[in-house]
Amino acid sequence: MEEPLDAYSRAVVAVAETVLPSVASLLVRTRDGAGAGSASVISDDGALLTSAHVVAGADAADAGFADGTRVRARVVGRDPLSDLAVLRADDAVPPPVRLGDATALRVGQLVVAVGNPLGLAGSVTAGIVSALGRSLPTGAGRVVDEVIQTDASLNPGNSGGVLADSAGRMVGVNTAVAGIGVGLAVPINATTREIIDVLLERGRVRRAWLGIAGAEVTLPSEVAARVGSATGLQVAAVMPASPAAEAGLRRGDLVIEIDGQHVTTTRGVQRLMVEDAIDRRIEITVWRSGALVDVITQLQELRA
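None of the values given here were measured: they were computed from a predicted structure.

This part covers the pattern of salt bridges. Pairs may arise between side chains of opposite charge once their charged atoms sit close together. One pass over the structure, following the stated rule, counts 12 salt bridges. A salt bridge links R74 to D90, with the nearest nitrogen and oxygen atoms 3.0 Å apart. With R74 in strand β5 (residues 70-79) and D90 in the loop between β6 (84-89) and β7 (98-99), the pair connects residues that are 16 residues apart, well separated along the chain. The class of R74 is partly exposed, set by a relative accessible area of 42%. Given a relative accessible area of 40%, D90 falls into the partly exposed group. When the shortest N-O distance is used, the salt bridge between E275 and R206 registers 3.2 Å. Of this pair, E275 sits in the loop between α5 (266-272) and β19 (281-288) while R206 sits in the loop between α2 (190-202) and β14 (208-209), and the two are 69 residues apart along the sequence.

Another aspect to go through is the UniProt feature "domain: PDZ" (unreviewed entry) in the protein chain. As recorded in UniProt, the feature "domain: PDZ" (unreviewed entry) lies at residues 197-279. In residues 197-279, the share of helix is 30% and the share of strand is 29%. The end C-alpha atoms are 23 Å apart.

Moving on to the environment of N189. In this structure, N189 sits in the loop between β13 (182-187) and α2. For N189, a relative accessible area of 13% corresponds to the buried category. Each C-alpha atom, one on N189 and one on D101, is 5.2 Å from the other, the two residues being 88 residues apart in sequence.

Analysis parameters
- Residues numbered from 1 in each chain as written.
- Predicted model: local features only at pLDDT ≥ 70, side-chain atom pairs only at ≥ 80, totals over all residues.
- Heavy atoms only, no water.
- Salt bridge = Lys/Arg side-chain N within 4 Å of Asp/Glu carboxyl O.
- Helix = DSSP H or I, 4+ residues; strand = E, 2+ residues; numbered from the N terminus.
- Buried < 20%, exposed > 50% of the residue type's maximum accessible area, 1.4 Å probe, protein only.
- UniProt positions renumbered as here; feature names shortened; annotations may be inferred.

And the structure:
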C-alpha cells in the first residue's frame, strides 16, 4: 500500500504538476557561442517570459517543454534594467502559468523554483521566502527593487524560470544566485506586469534619465528642521552631459526633493524616472552652501 504524502510533499508535488508543463528550457545561440536558460508561457498566444540576460545578444531561442514540444521563439523585447525579456513562440505551446502577486508574499512562506539548472530540464526545488525587498544590481548599471530572496536551490540555467507559491502561481522570475542557499527572483507585481505588457507591445521600455549617483545621508539638524526630514540624498557624482549636469547639480549637493517628492536614495530617483517624465521640466531642491537652492532641469530619455 502506497504511503500517503505529508502536507509539505503534497504542496510541492501539486505545484510541480501545475507549473512544470508551462516551463521551457531555452537554448540560446549568439555570435559568442551558446547558452541555456529557462522561460515560462504567460499567454495563450505563445508569449514566453524569461530573464533579459538569458537572451542577451540573441534574436531567437529554441524552447523545449516537458511534454516533448519544441518550438522556435523570437525575442520580442528585452529590458536589461529590470532583467526581464519576452519571446513569442512560432508554434503552439502548452497552457500559460498563472501569474500571482509577489506583494502578498511573507517571509517563511513556501516557494518552489522550476527551471533548467545546469541543463537538467524540468527540475524542481523547494524552499522558503528568506527575505523580501532586496535590491539586485543589473549589468545595465541600475537596480531592480523588491527582489525576492529564497533558499530554494538555484543554479546556472534556472535564470528565467518560475518561482511559484504553494498555489502554483508564478510570483517571481528566477534571476541570480547570490551564494550558497541564496537565490534571487524578480517579483511579479504591478510594476513588472506593466513592463511585460510594454515589452509585448513595443519591444522596449522607455525611461527618463537624470544622471546622478549618491547615497542616503543624515541631514544636518538645521536642514532637517527646515525640510521636515532627517535624511536626504548626497550627490557623489554627476554624469557628464546629463540633465543633472546641465541643471548645475554638483557633487556634494544634498538632494531634498525632486518634482515635489522627497528623495533619499538613488532607487528613489529611479522610481521617478518613468516614461511620462521624459522631456518634462522638473524642479529639484538641494541644500548647498548653507541654503536651499532650486534648480530646473529637463529630463531626457535613457538610452541603452
